[in-house]
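An overview of the molecular structure
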Amino acid sequence: MNAKKFTLATLGYVVVTFALAFPWHLIWFKDSYHSLGVYTRENPIFAFGIGSMVLQGLILAYLYPFFYKGTHPILTGIRFGLLMGGFLWSVSVLAFAAKTDVNSLATFFTLSTLFHLIQFVAAGALIGWIFRTKISAE
């Protein structure tokens, strides 16, 4: 595995995710999430959030070369992102809603689904672009 691409893909995922997650959850929709009764910690533990993003980025950067076949890198990256995003959505949205008393499931599903859709399309496209040259040719 190319260490430079692996590192760039990991960091790219973290940057894209943080750049979206911070304003989405703590500024733009903070009041909406609080009214839903979710994400209500007064002082979020940023180290856990960053650690989660780094771990996700490491896993995605590791898995992508197995998925990529060397053609249409950005579209392939988006497909990969949507596949991985769907997996993460099932845990962070669907399973979360099953265990948590959310005031409006429709609003929660809408906000969370839009967030993950934007996050994984953008991150997938970036990862695809980073790995744009065929891995086996390096």
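As a starting point, this report considers the structure included with it.

The rules we used
Residues numbered from 1 in each chain as written. Predicted model: local features only at pLDDT ≥ 70, side-chain atom pairs only at ≥ 80, totals over all residues. Heavy atoms only, no water. Core = buried A, V, L, I, M, F, W, Y, C linked by side-chain atoms within 4.5 Å. Buried < 20%, exposed > 50% of the residue type's maximum accessible area, 1.4 Å probe, protein only. Helix = DSSP H or I, 4+ residues; strand = E, 2+ residues; numbered from the N terminus. Contact = heavy atoms within 4.5 Å. Phe/Tyr/Trp six-rings, centres within 6.5 Å; stacked < 30°, edge-to-face > 60°.

Our next topic: the nonpolar core. Ala9, Tyr13, Leu60, Tyr64, Ile127 and Phe131 are the most contacted members of the largest nonpolar core, which has 14 residues in total. The set of elements that each furnish at least two residues to this core consists of α1 (3–28), α3 (46–67), α4 (73–99) and α5 (105–130). At 4 residues, the largest contribution of residues to this core is made by α5. Among residues more than four places away in sequence, those in contact with Phe131 are Lys5, Phe6, Ala9, Ala61, Tyr64, Pro65 and Tyr68.

Summed over the entire model, instances satisfying the criterion amount to 17 aromatic pairs. Consider the rings of Phe96 and Phe108, whose centres lie 5.5 Å apart with planes at 35°: the pair is tilted. With Phe96 in helix α4 and Phe108 in helix α5, this residue pair connects regions lying 12 residues apart in the sequence. Look at Phe96 and you get partly exposed, because its relative accessible area is 22%. Classification of Phe108 by relative accessible area gives buried; the value is 0%. One aromatic cluster in this structure is built from Tyr33, Tyr39, Trp89, Phe96, Phe108 and Phe109.

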